[in-house]
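What follows is each chain in one-letter form.
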Amino acid sequence: MPYTLSTKREARIMLPTSIANAHNDTRYSGLLCGYYVANTNYYNIPPADAHLNASRLRPVGVVSAQPFAEAVPAAMHRALNLAKAEIDTSLTPEERIRQRKAHRATPEEQAEARQHLFNLLREADPAGAICHDAVPALLGFWDGDTLRLFQIDSLREVIIEKFALEMDVFSRNVGILENAVMMKKGALFIGCGSVGSLVAVELAKAGVGRFMLVDNDIFGYHNICRHQCGVYDVGRYKTDALEERILQINPYAEVRKFNCMIQEVDRGEIFSFCNPDTIVVGGADNREGDLYACDFALEIGMPFISIGCWERAFAGEVFYCLPQGHVTYKGFLDAVGYESGRVTQNRRFYTTEEDLAKVSFEPGISADINFVTIVAVKMILDLLNRDTPGYVQRLLPSLTQYTLICNTNNPEVGGEQAEIFSYPLQVTTSIYID
C-alpha cells in the first residue's frame, strides 16, 4: 500500500479512552474506524457507540493482539525511530550532524521494517478491511498498559490524544450547563427551517440530549442562505439534514423524525417523547401549527415557545408559556390577532438573474433571523432549566411572555411598523398580555 505523505506534520490521532486505555487487564484489539485528514496528518476515531453516519467512517488501522516486544524486535527500533543515538557533545556541529546521519536507518532497513509491519497488518486484518491507498495505514501494539501506534508508510510512531466524547465536547459548558442534566432535556420542533435549525444546533451545543423533528419540507438551494445545512443536503428532507448536524455536535443525542405536519404525527408518539423536561419549539410557517402544538404541550405539562419573524425580518416575536399561571398561545392570538406582523409563510421566488435584484425575499437575511432566534434560544435554556438547582436564569426574570426583537427601526426596511421601535436592536421588556 504505497503512500507518500504530503505534509511534514507529526502524525496524531484522537482516540476514545475506551480504546486507548487498558481496562481491568483487558486491552482493545481490532479495527480502528474513523477518518484521516491528509494535509494535517490527523486521524479521528469516534467511539463505536456514538450515533454517527457510518458511511463517513472507514477502517484506517488495526490494533494487534501481539505484545509490542514480540511484534517489534529490537533490530527494527532504528528504522522506527525508536532508538535514540548518543551524540558526543564534544564534537563540532558538522561532526554531530554526520553522526546523526550515520545512525539513521538505511533504505534497506526501512524497506525491511515496512514490509515487516505490512505482514503484521495482514495478520491482524485477515479480511483486508484496510486496503485503501488514500489513507496511510496504522498498526498498533500494547506495550504493557500503553498503546503504541505506528504509521506504516512513514515508519513513525503516532502521537495519541485521548478523549472521552461526552466530557470533552461539552467541557466548556461545565459550571454553566451540566451535561448530565442537559442530556435528559428534550425539544420537539414544529418546523426545521431557518429558525428551527438554528435553535436545534444551539441546543445540541448546550448538551440537550433528546430531539423530535417535525417538518414535511425538502431542503433546496433557496434555503441555503438562511439555514444551518448546506449544498450537500439539497434534496433531503430537512429533518434528515438537521439530524446529521445535531449528531455531529452531540453524537449521543436521541433524534426522532417525522416528515409530515405536526397535526399528522400520532399523538402516542408525541406523548411517549414529551415530559416536563421537554419544550415544544414552534417555528412553523403558520400560526395554526403552533396553536396545535401549544395545546398538547400544556396538556402534557411542559413549556411552549413560538418564534416568528416579521416581513424582511426587520423584527421578530417570541411568545412562551408555562403549564400553569400563563396566558396560552390561543389567548395571545385572541389579544394580538392572528396576523400581527409575523410572516405566515415563506414564499419562494423563481426568477432570472436579471430580475433577481427586484425580488423582495421573505422573511429576511440570515443575520437578522438569527438575532431574533438567539434571544429565543437563551429563553429556551432558561425554560428547560427552570427547576435545575444552581442554574441562574439569564433572561426570563426580565422578559415578559411576549417579546418583540428589533433588527432595525428604519421604515425603508420595515415600513410603518418599524416606527414602533425606539432604536435598532431593541428587545422589549414591557409588553403584558392580560
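Whatever comes next refers back to the structure up there.
In this report, the structure presented in the accompanying data block is examined. (Residues numbered from 1 in each chain as written. Predicted model: local features only at pLDDT ≥ 70, side-chain atom pairs only at ≥ 80, totals over all residues. Heavy atoms only, no water.)

Quick word on the overall build of the protein chain
The cut-off we apply is this: Helix and strand definitions here come from DSSP, where helices need a minimum of 4 consecutive H or I residues and strands a minimum of 2 consecutive E residues; each element is numbered from the N-terminal end. Throughout, exposure labels follow a simple rule: accessible area from a 1.4 Å probe, protein chains only, divided by the maximum for the residue type, with under 20% read as buried, over 50% as exposed, and the rest as partly exposed. Note on contacts: a residue pair qualifies if any of its non-hydrogen atoms lie within 4.5 Å across the two residues. The Shrake-Rupley method, run with a 1.4 Å probe, gives the accessible areas here. Residue values count only the displayed protein chains as cover.
Helix and strand counts for the protein chain come out as 13 helices and 15 strands. The buried share of the protein chain, reckoned over its 434 residues, is 46%. Within the protein chain, contacts between residues separated by at least 24 positions form 70% of all contacts whose residues are at least 6 apart in sequence. Of the roughly 21,700 Å² of accessible surface on the protein chain, a fraction of 51% belongs to carbon and sulfur atoms.

A word on helix H10 (residues 287–300)
The cut-off we apply is this: Residue count minus one, scaled by 1.5 Å, sets the expected span of a helix.
Taking 1.5 Å of rise per residue, 14 residues should cover 20 Å, and H10 covers 20 Å from first to last C-alpha, within 8% of that figure. Those residues of H10 not exposed but buried are Arg287, Gly289, Asp290, Leu291, Ala293, Cys294, Phe296, Ala297 and Ile300. Packed against the buried residues of H10 are strand S9 (186–190), helix H9 (267–273), strand S12 (278–282), strand S13 (304–309), strand S14 (315–321) and helix H11 (329–336). Positive backbone phi, at 95 degrees, marks glycine 301, one or two positions downstream of H10.

So, the pairing of strand S4 (residues 58–67)
For clarity, the threshold we go by: Should DSSP find at least two bridges between two strands, the strands are taken to pair.
The pairing of strand S2 (residues 30–37) with S4 spans five bridges and is antiparallel. Directly across from glycine 30, in S4, lies its bridge partner valine 63.

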